[in-house]
Structures are given as C-alpha cells and as structure tokens.
Amino acid sequence: MTNANDRVVAPADSEVDWDAEAAGFDDEPDHGLRDPGVRAAWAARLRTWLPERPADVLDLGCGTGSLSLLAAEQGHRVTGVDSSPAMVERARAKLAGRAAVILRGDAAAPPVGEQRYDTVLVRHVLWALPAPDRVLRHWRDLLRPGGRFVLVEGVWGTLNPVGMPAGRLTALLARLSADVRVERLSGDPMLWGKAVDDERYAVVATV
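No experiment lies behind these values; they were computed from the predicted model shown.

Each value, and the rule that gives it
- Residues numbered from 1 in each chain as written.
- Predicted model: local features only at pLDDT ≥ 70, side-chain atom pairs only at ≥ 80, totals over all residues.
- Heavy atoms only, no water.
- Helix = DSSP H or I, 4+ residues; strand = E, 2+ residues; numbered from the N terminus.
- Buried < 20%, exposed > 50% of the residue type's maximum accessible area, 1.4 Å probe, protein only.
- Contact = heavy atoms within 4.5 Å.
- Core = buried A, V, L, I, M, F, W, Y, C linked by side-chain atoms within 4.5 Å.
- Axes fitted to C-alpha atoms, helices over the stretch in contact; angles between N-to-C directions.
- Parallel < 35°, antiparallel > 145°, perpendicular 65-115°, else oblique.
- Left-handed = near helix turned anticlockwise from the far one by under 90°.
- Nonpolar A, V, L, I, M, F, W, Y, C, P; charged D, E, K, R; others polar.

Colleague: Just checking my understanding: could you explain the environment of tryptophan 156 for this structure?
Modeller: Note on placement: tryptophan 156 falls in strand β5 (residues 143–156). On the basis of relative accessibility, which here comes to 17%, the residue tryptophan 156 falls in the buried class. For the pair tryptophan 156 and serine 186, spaced 30 residues apart in the sequence, the C-alpha separation amounts to 11 Å. Beyond its immediate sequence surroundings of up to four residues, tryptophan 156 is in contact with His124, Trp127, Pro161, Val162, Gly163, Asp198 and Arg200.

Colleague: What am I meant to see in the nonpolar core here?
Modeller: Buried together is how nonpolar side chains tend to be arranged in soluble globular proteins. If you look at the biggest cluster of nonpolar residues, it comprises 31 residues, and the most contacted ones within it are Leu136, Trp139, Phe149 and Leu169. At the level of elements, β1 (56–60), β4 (117–123), α6 (132–141), β5, α7 (166–173) and β8 (199–206) are the ones that each hand at least two residues to this core. When sequence neighbours within four positions are dropped, the list of residues in contact with tryptophan 139 reads Leu60, Ala107, Ala108, Pro110, Val120, Val122, Leu126, Leu129, Phe149 and Leu151. Judged by nonpolar contacts, the second largest core, of 29 residues, contains Leu185, Leu191, Ala202 and Val204.

Colleague: Where do I start with the packing of α6 against α7 in this structure?
Modeller: The axes of two packed helices give the description: the angle between them and the distance between them. Taken N-terminus to C-terminus, the directions of α6 and α7 make an angle of 50°; their axes are 10 Å apart at the nearest point. Here α6 lies oblique to α7, going by the angle between them. α6 and α7 meet at a crossing whose hand is right-handed. Note on element contacts: α7 touches α6 through Leu169, Leu172 and Leu173, opposite Pro132, Asp133 and Leu136. Across the contact of α6 with α7, the residue classes tally to 5 nonpolar, no polar and 1 charged.

Colleague: What am I meant to see in the packing of helix α1 (residues 18–25) against helix α5 (residues 85–94) here?
Modeller: Following both chains from N to C, one finds α1 and α5 inclined at 35°, their axes separated by 7 Å at the closest point. Taking contact as the criterion, the partners of Trp18, Asp19, Glu21, Ala22, Ala23 and Phe25 in α1 are, on α5, Pro85, Ala86, Met87 and Arg90. When the residues that make up the contact of α1 with α5 are grouped by side-chain class, the tally is 7 nonpolar, no polar and 3 charged.

Below you can see the structure in the form of structure tokens.
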C-alpha cells in the first residue's frame, strides 16, 4: 500500500461481499440519493458531465442504479453493469420502465459486445480494479469518436487510505485524451450528505 500522490493505493475491494452489502447499500446518502438535496446535487453535476443531447451511457459498477436512474431521467439511454446479482436486481427494479438495461458482468470487461457508447460513467470503481491503465484502454474502445469518460474517484481514509489520487488518474488519461478536466467534489457537502475533508473528484475526458 502507498499514499504517494501519484500512485494508486492498493484496494481491498475484492474482500467485500457486494451481495451482502446490497440490502443496506442505499442507506448511504450518496448511494441511495434518497435525500432530495443530495439527489438534486448529483443530478446537477451529471447534467454538466453528460452530453446535452440524449446519448448512450454505459454506467460501469452501477450498484443499485442510482446514477443510472438520474441519467435516464435526463433523457439518456443507459446500460448499467454490475458483478453482484443482488445489486443488479435492485438496479433493475429502480430502472423499471426507463430506457435502460442492467447487465450482470465485470466492470473491467463489460458484456456489451460490439455496442459503442457516447459516455462511460464510472463512480468509485476504477481505484479497485487491477491494471487501471489496461482497463481504461478497454473502456476507451467502448466509446464512439468524440465520446467521453466521466470518472468519479477519490482517496478515502487517513491511517489506511484507499483510492486513486487525481494526479494518478489524469496521468493515465493523458495517454488516451488531450482533453482532460478535473472537478473537485470534496467541497460540496450536498453530494455526500455531510462535510468531507478527503480527496473526492470527477474527471471528464473526451476521446
């Protein structure tokens, strides 16, 4: 493990039983988006990150589908992917009746065949995947020309931090995109349902 500013902090995500976590996953304010203020804050951010016109959005590691639902409500066609059957079940219920499909699969290699997308949306997932440089290259191949990454990441904790610093992610993306923008999110407590002092950010990169 390392906490160097330009390196990935080693994940312990593989130790998490996401099926067991699914029942209480939405209890976290930024997961379930049940509070109207938190929901509105994420909806406003998504509106600036996603294309203005209806687009095909691939939400990887979608969990219970909260961001997928916001994207669908904004008129986008959404494909969500998660490896946990329990998460997929909840996401499908949440997105029922929307222009969305939820698939069970690996976020690093989503089961979407030859389908291509306008946006790859990923929140708090990339840091936990092995070989993020290889994963990003694969995700880029799922984008149409002019498509974009929307990657929400951070570094959490002080004694044993986990996550990916913004400098590391932007360095990886610099090899894939000449248009990389970082948006700091730590200073907006409405996104998290509380004030936070760790590193939280979003990166939007056009390919």
